[in-house]
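# Geometric and topological summary
So you can see what is in the structure, the chains are spelled out below.
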Amino acid sequence: MLLTFLGTATSTGIPVLGCDCEVCRSDDPRDSRLRCSSLITTDDGKNILIDCGPDVRAQLLREGVKSIDWVIITHSHYDHVGGLDDLRTLSYSRPVDIYCTDDVAADIRRQLPYCFSGSNYPNIPKLQLHIIEPYKEFETCGVRIEPVRVFHGKLPIVGFIFGNWAYVTDATEVPSPTLELLHNLDVLIINALRIAPNPTHMNLAEALDVIKSVSPRQAYLIHMSHQMGRHEDASRRLPPGVAFAYDNLKITV
Ligand SMILES: [Zn+2]
Ligand SMILES: [Zn+2]
Ligand SMILES: [Zn+2]
């Protein structure tokens with residue numbers, strides 16, 4: 001499978017509106033980050049979106065994506081679901097399948113009531129919600145996915161394990177049943193907001209502690225704030241085998 005990092009920023013995106021810090025003014029393309037989302041392309045050309053934030057239209061146009069087969073959602077914060085309506089033009093021939101926990105499904109129904117009202121209005125996005133549960137593996141189009149519990153401050157959300165690699169975003173805490181499942185992966189993708197602590201996202205030191213405890217062959221950091229510093233400068237803080245992801249980065253998993 002090919003994984004494309006569509007966006008690697010925290011909820012503000014980078015540059016941050018109204019900010020002129022050195023990161024937001026940087027001309028290094030790796031310092032320009034859209035809201036956090038990734039695209040998995042399977043060997044037979046199916047496209048799975050991990051989260052669907054408010055930048056999804058620009059992200060899919062940039063990648064030349066013509067179809068989305070499923071969307072898997074970590075949690076219902078705006079920076080992870082705010083682009084679901086933009087999938088409407090990809091849903092005309094058949095509904096887009098969305099996999100999420102029951103609380104997230106309830107939030108999506110509240111956020112986009114017109115998609116679930118039963119109305120026949122012709123241009124409504126056709127979104128089909130499927131309920132998933134932590135630690136209950138499911139399979140779609142030949143890809144086995146295990147949702148796992150992580151905590152986003154006090155909010156229980158999910159990360160995803162795909163055999164030999166995993167995706168965890170917006171976590172502050174990775175509970176021990178999940179930690180056990182993350183051991184010795186080929187690739188771990190995990191959030192790291194900034195250097196200073198934060199109540200609802202791991203900072204760099206906390207993310208590096210998790211990485212050290214589960215020993216992936218390679219780790220990529222996502223969901224960064226401009227307060228992490230410029231990509232090139234911040235990368236000097238990282239141990240071997242850990243890298244900041246950046247928008248458009250593609251890896252084989
Ligand atoms: Zn987020
Ligand atoms: Zn800034
Ligand atoms: Zn969040």
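Residues numbered from 1 in each chain as written. Chains lettered and ligands numbered in written order. Predicted model: local features only at pLDDT ≥ 70, side-chain atom pairs only at ≥ 80, totals over all residues. Heavy atoms only, no water.

## Looking at the coordination of the zinc ion (ligand 3)
- Of the protein atoms, only H75 (NE2), H77 (ND1), H152 (NE2) and D170 (OD) coordinate the zinc ion (ligand 3), at distances of 2.2 to 2.4 Å.
- Given four donor atoms and angles of 89 to 173° at the metal, the environment of the zinc ion (ligand 3) is assigned as irregular.
- The sequence pattern describing where the donors of the zinc ion (ligand 3) fall on their chain is H-x1-H-x74-H-x17-D.
- Metal-to-metal, the separation of the zinc ion (ligand 3) and the zinc ion (ligand 1) is 3.5 Å; D170 coordinates the two. Residue H75 is located in the loop between β4 (70–72) and α2 (78–81), and its partner D170 is located in the loop between β10 (165–168) and α4 (176–181); the two are separated by 95 residues in the primary sequence. (Donors = N, O, S within 2.8 Å, 3.2 Å for Na, K, Ca; no water. Tetrahedral: all angles 85-135°; square planar, octahedral: opposite > 155°, others 65-115°. Helix = DSSP H or I, 4+ residues; strand = E, 2+ residues; numbered from the N terminus.)

## Thoughts on the side chain of T10
- One can find T10 in the loop between β1 (2–7) and β2 (37–41).
- Residue classification places T10 among the buried positions, given a relative accessible area of 8%.
- If sequence neighbours within four positions are ignored, T10 has contacts with R35, D79, L193, H223, M224 and S225. (Buried < 20%, exposed > 50% of the residue type's maximum accessible area, 1.4 Å probe, protein only. Contact = heavy atoms within 4.5 Å.)

## Re the coordination of the zinc ion (ligand 1)
- The protein atoms that coordinate the zinc ion (ligand 1) are D79 (OD), H80 (NE2), D170 (OD) and H223 (NE2), at distances of 2.1 to 2.2 Å.
- Around the zinc ion (ligand 1) sit four donor atoms, and with donor-metal-donor angles ranging over 93 to 160° the site reads as irregular.
- Going along the chain, you hit the donors of the zinc ion (ligand 1) in the pattern D-H-x89-D-x52-H.
- With a relative accessible area of 1%, D170 lands in the buried category.

## Re the pairing of strand β11 (residues 187–191)
- When you tally the buried positions in β11, you get five out of five residues, the bulk of the element.
- Direction of pairing for β10 relative to β11: parallel, over a ladder of four bridges. Bridging from a neighbouring strand, Y167 pairs with I189 of β11.
- Following the chain from β10 across α4 to the adjacent parallel β11, one finds a crossover that is right-handed.
- Across five bridges, the pairing between β11 and strand β12 (residues 218–222) is parallel. Looking across to β12, one finds that L188 is bridged to A219.
- This β-α-β element, β11 to helix α5 (residues 204–214) to β12, shows right-handed connectivity. (Pairing = 2+ DSSP bridges. Right-handed = clockwise from strand over helix to strand, strands pointing away.)

## Considerations on α5
- Where α5 is concerned, the buried positions are L204, A207, L208, V210, I211 and V214. Down the axis of α5, the buried set is contained in an arc of 160°. They therefore lie on one face. Those residues of α5 that are exposed and angled more than 90 degrees off the buried face are D209 and K212.
- Structurally, α5 contributes buried residues whose contacts are with α4, β11, β12 and β13 (242–244).
- S215 occupies a position one or two residues after α5 and carries a positive phi of about 50°. (Arc of directions from axis to C-beta.)

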